[in-house]
Amino acid sequence: MTMLVDETVPPHKAAYDFSLFEAMESEVRYYCRKFPVVFDRALGAELYAEDGRMFTDFFCGAGTLNYGHNHPYLKRRITEYLARDGVMHALDMYTVAKRTFLSRLREWVLAPRGLDHKVQFCGPTGTDAVEAALKVARRATGRRGVVSFTGAYHGMSRGSLAVSGGRRARAAGQAGTADVTFVPYEDGPAGPFDSIGYLERMLSDPSSGLDVPAAVIVEPLQMEGGVYPASGDWLRRLRELTTRYGVLLIFDEIQSGCGRTGTFFCFEHAGVVPDIITVSKAIGGYGLPLSMVLFRPELDVWSPGEHTGTFRGNQLAFVAGAAACELWGQEGFRTSAAVGARRLERFGAELRDGDPALAVRGLGMVLGIDLRAAGGAERADRIQRRCFETGLIVELCGRDDEVIKVMPPLTIDLARLERGLTVLHRAIQAS
């Protein structure tokens, strides 16, 4: 493999003081246990600990920082807004910041894709968007049932947990699945499955036990489930089936959206249009919390105030999100992201050639390195720890955390991308 000369930093010797965090924070904290340093500042694809140690970030806030840390174009817009005492909180009232965001969203994202969907701002996180999407689907159809898929992850509140596959997360939230039917995803650890054919059989049989549901909710690219991209054919068949039976199709683009897969929305690869889209994470541009539901105009069945919330619209996120939408009109931004995606694809092919036991899946600027048949979760954990020790942050996903999830910023330059891939490759070889 052609790699950059190793420029990684040796394992740190600093003794970080975690005592205040450990004394005051709940035991539920998670990522700080995997990456035990105290972070202080960040820029682009690089994170710096308080002792000055630098880490290349291939995690990007679980897809929240698609545009990297402190992107200068976005930062300038935020600081200008703060300097002029722009409104910081407004519930769902009209503001200049919201108007600008909606205008840019329509101009650079929705209109070029022929989408006329209405926009509903929800609470600040992705699970709020999922809750609202399920609620509006049931409200619009008068039906309660929802079909979801194995390996799905849609959030940590009760409705979102009910349509998520993970037993551990559902058990912690005591979330039942009474109105949810789970069907195998197109692909997964057990191999391919004709889930559309199965659904067709169930819906066409009046004695199948499955009533026509309100909605089908699906991730066009399963991230937490192990980086499984749905094929275009599968998504098109799903769209045709749901249309035929009057079932609303919800695409969860919370982690796969905002350019992560090479197009703004992952579903664009299949050439289909869903009824409802959930968006969060990187839509806030700068790492600022923002979530929303997009739905066809005829599905706007809400009465005023019927689904409310104190933080349904973060004004600073509107400012940063509007600027992020504008980036999609810049040819240099799109070209740079495409170059990075091609390099990541070649890296995956090189890994497969070097070790046929590795399964490598991905799309655009996300790559999943599946170690299920090549050392499993224990090896994945060793690789993650070795990466961290030598200056790279990567996350694990999959049923047993056996998949290394590689998600650099869309804005990363090739030199930094190569540096991170060098660290990752050496960690894989050494594990």
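Residues numbered from 1 in each chain as written. Predicted model: local features only at pLDDT ≥ 70, side-chain atom pairs only at ≥ 80, totals over all residues. Heavy atoms only, no water.

Visitor: Mind showing me how you'd approach the packing of helix α4 (residues 72–83) against helix α11 (residues 315–327) here?
Guide: Axes are the key here: two packed helices are described by the angle between their axes and the distance separating the axes. One can describe the packing of α4 onto α11 by two numbers: an axis separation of 9 Å at closest approach and a directional angle of 145 degrees. Judged by the sense of rotation from one axis to the other, the crossing of α4 with α11 is right-handed. Facing α4, whose interface residues are Y73, L74, R77, I78, Y81 and L82, α11 presents Q315, L316, V319, A320, A322, A323, A324, E326 and L327. Partitioned by chemical class, the residues of the contact of α4 with α11 number twelve nonpolar, one polar and two charged. (Axes fitted to C-alpha atoms, helices over the stretch in contact; angles between N-to-C directions. Helix = DSSP H or I, 4+ residues; strand = E, 2+ residues; numbered from the N terminus. Left-handed = near helix turned anticlockwise from the far one by under 90°. Contact = heavy atoms within 4.5 Å. Nonpolar A, V, L, I, M, F, W, Y, C, P; charged D, E, K, R; others polar.)

Visitor: I'm lost on the sheet that holds strand β13 (residues 359–363) in this one. Help?
Guide: Think of a sheet as strands paired side by side through backbone hydrogen bonds, with each pair either parallel or antiparallel. Read across the sheet, four strands follow the order β13-β14-β17-β16 without closing on themselves; strand pairing throughout is antiparallel. Each of the sheet's edge strands pairs with one partner strand only, and the pair in question is β13 and β16 (395–397). For this sheet the average axis-to-axis angle between neighbouring strands, irrespective of direction, equals 25 degrees. By the bridge criterion, five bridges tie β13 to strand β14 (residues 366–370) in an arrangement that is antiparallel. Bridge pairing links G362 to L367 in β14. On top of the sheet, helix α12 (residues 331–354) reaches β13, β14 and β17 (403–406); it is set at about 10 degrees to β14, its chief contact. (Pairing = 2+ DSSP bridges.)

Visitor: Would you mind showing me how to read helix α13 (residues 376–389) here?
Guide: The periodicity of an α-helix, 3.6 residues per turn, causes residues three or four places apart in sequence to face the same way. Taking 1.5 Å as the rise per residue, α13 with 14 residues should run 20 Å; its terminal C-alpha atoms sit 20 Å apart, in good agreement. Buried residues of α13: G376, R379, A380, I383, Q384, C387 and F388, and no others. Summarising the contacts, the buried residues of α13 are in contact with α2 (31–34), β3 (54–57), β15 (392–393), β16, β17 and α14 (414–430). Looking one or two places after α13, you find G391, whose phi comes out positive at around 95 degrees. (Expected span 1.5 Å × (residues − 1). Buried < 20%, exposed > 50% of the residue type's maximum accessible area, 1.4 Å probe, protein only.)

Visitor: I keep staring at a negative patch on the surface and nothing clicks. Help me out?
Guide: A contiguous patch of negative charge, built from D17, E22, D40, E50 and D51, is present on the exposed surface. Here D40 is to be found in strand β1 (residues 39–43). (Patch = residues over 30% accessible without salt bridge, like charges linked within 9 Å, V, L, I, M, F, W, Y side chains within 5 Å. Areas by Shrake-Rupley, 256 points an atom, 1.4 Å probe, with all protein chains shown as cover. Salt bridge = Lys/Arg side-chain N within 4 Å of Asp/Glu carboxyl O. Lys, Arg positive; Asp, Glu negative; His and termini not counted. Charge placed at Lys NZ, Arg CZ, Asp CG, Glu CD.)

Visitor: Whenever I open this one, the nonpolar core confuses me. Can you help?
Guide: If you look at soluble globular proteins, the nonpolar side chains tend to sit buried side by side. One finds I369 and L424 to be the most contacted residues of the largest nonpolar core, which totals 88 residues. Among the elements that line this core, the one with the most residues is α11, at ten residues. Excluding anything up to four places from it in sequence, L424 contacts F347, I369, I383, C387, L392, I404 and V406. Within the second largest apolar cluster, 22 residues are counted, among which are A137, I217, L299 and W302. (Core = buried A, V, L, I, M, F, W, Y, C linked by side-chain atoms within 4.5 Å.)

Visitor: Looking at this structure, I do not really get the packing of α13 against α14. What am I missing?
Guide: Running from N to C, α13 and α14 cross one another at 135 degrees; their axes reach a closest spacing of 9 Å. It follows that α13 is oblique to α14 by the angle criterion. For α13 against α14, the interelement crossing comes out right-handed. Note on element contacts: α14 touches α13 through V423, L424, R426, A427, I428 and A430, opposite R379, I383, R386 and C387. Considered class by class, the residues forming the contact of α13 with α14 number seven nonpolar, no polar and three charged. (Parallel < 35°, antiparallel > 145°, perpendicular 65-115°, else oblique.)

Visitor: Before we go on, may I ask you to explain the environment of E298 in this structure?
Guide: Considering the arrangement of structural elements, one finds E298 in the loop between β12 (292–295) and α11. Residue class for E298 comes out exposed when judged on its relative accessible area of 51%. As a C-alpha pair, E298 and V130 span 168 residues in sequence and 19 Å in three-dimensional space.

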